[in-house]
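Structural features, examined
Okay, here's what each chain looks like letter by letter:
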Amino acid sequence: MNKLLYVIMVLLFSAPVLGQDKTAAAAIAASNAIYFSAFEKGDSSIFIDRYAPDACILAPDMQPMCGPAGVLAFFQKGYYEYGLRNGKFITKEIYGSGDYVTEYGFYESRDAKGNLMGTGKYLVLWKKTDKGWKMFRDSFSSDH
């Protein structure tokens, strides 16, 4: 009986967002749809607005970049140092409920000519704020 209860609990707490949390999934899709436009337009304010004020970007081989200043520094590094100009997110799953949900997916990044710069996977912990759903912890790794 304990084994069955454990399996049921795991399934309940790891189920994709359903029901009332469809608003989180819709907000995440809308945010992801404009994320890379910040790089296309060279507009860091679009990028910063995707994140909660207390957000941290947890990029590989870097210290955490937290708060608006850290998020801006990350944007500037991607834009000026790497030449990032476009890309896309491919959301595979969204889990959780309440004030936090986790998104799992894949990404592609592209330069100004549309050339593929890289691919990888990500986990984002989203936080429900007074300004809507915002990225709270953003962690990713390259496939290369």
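Quick caveat: nothing in here was measured; it's all calculated off a predicted structure. (Residues numbered from 1 in each chain as written. Predicted model: local features only at pLDDT ≥ 70, side-chain atom pairs only at ≥ 80, totals over all residues. Heavy atoms only, no water.)

**A short note on the overall build of the protein**
Across its full length, the protein holds five helices and six strands. Ordering the α and β elements of the protein from the N terminus gives α-α-α-α-β-β-α-β-β-β-β. Evaluated residue by residue, the protein yields a buried proportion of 34% over its 144 residues. Within the protein, counting contacts between residues at least 6 apart in sequence, those at least 24 apart form 50% of the total. With the model as given, the accessible surface of the protein reaches about 8,600 Å², and the carbon-plus-sulfur share is 59%. (Helix = DSSP H or I, 4+ residues; strand = E, 2+ residues; numbered from the N terminus. Buried < 20%, exposed > 50% of the residue type's maximum accessible area, 1.4 Å probe, protein only. Contact = heavy atoms within 4.5 Å. Areas by Shrake-Rupley, 256 points an atom, 1.4 Å probe, with all protein chains shown as cover.)

**Things to note about the nonpolar core**
Membership of the largest hydrophobic core comes to 27 residues, with the highest contact counts inside it found for Tyr35, Phe39, Phe47, Tyr51, Phe74, Val101 and Trp126. Taken together, the elements giving at least two residues each to this core come down to helix H2 (22-35), helix H3 (37-41), helix H4 (44-48), strand E1 (51-58), helix H5 (67-81), strand E4 (100-110), strand E5 (116-129) and strand E6 (132-142). What tyrosine 35 contacts, discounting residues up to four positions off in sequence, is Phe47, Arg50, Tyr51, Phe74, Phe89, Met135 and Asp138. (Core = buried A, V, L, I, M, F, W, Y, C linked by side-chain atoms within 4.5 Å.)

**Some points on the side chain of glutamate 103**
Position of glutamate 103 among the secondary structure elements: in strand E4. One buried charged residue, glutamate 103, forms no salt bridge at all, with the nearest opposite charge on arginine 50 at 11 Å. Within the structure, glutamate 103 has its side chain in polar contact with the side chain of asparagine 32 (distance 2.8 Å). Side-chain polar atoms of glutamate 103 contact the side chain of tryptophan 126, separated by 2.9 Å. (Lys, Arg positive; Asp, Glu negative; His and termini not counted. Salt bridge = Lys/Arg side-chain N within 4 Å of Asp/Glu carboxyl O. Polar contact = N/O pair within 3.5 Å; in protein donor to acceptor, adjacent residues only side chain to side chain.)

**Describing the pairing of E1**
Examined bridge by bridge, E1 and E6 share four bridges and lie parallel to one another. In the sheet register, leucine 58 faces E6, and the bridge partner there is serine 139. Pairing analysis gives two bridges linking E1 to strand E2 (residues 65-66), with the strands arranged antiparallel. In the strand pairing of E2, cysteine 56 is matched with cysteine 66. Here E1 folds back onto E2, and the loop between the two strands holds six residues, one of which, aspartate 61, carries a positive phi near 60°. (Pairing = 2+ DSSP bridges.)

**A short note on H5**
Taking 1.5 Å per residue, 15 residues should reach 21 Å; H5 reaches 21 Å between its end C-alpha atoms and fits that length. Here H5 has its buried residues at Gly67, Gly70, Val71, Phe74, Phe75, Gly78 and Tyr79. Looking straight down H5, one finds that the buried residues subtend no more than 165° of arc, so they occupy a single side. Seen from the buried face of H5, the exposed residues on the opposite side, beyond 90 degrees, are Ala69, Tyr80 and Glu81. Immediately beyond the C-terminal end of H5, within one or two residues, lies glycine 83, with a positive phi of roughly 75°. (Expected span 1.5 Å × (residues − 1). Arc of directions from axis to C-beta.)

**Regarding the pattern of salt bridges**
When the charged atoms of two side chains lie near each other, side chains of opposite charge can form a pair. One pass over the structure, following the stated rule, counts six salt bridges. Among the salt bridges present, the one from glutamate 108 reaches arginine 110, with a minimum N-O distance of 3.3 Å. Residue classification places arginine 110 among the partly exposed positions, given a relative accessible area of 26%.

Fair warning: the whole summary comes from geometry, so function is off the table for now.
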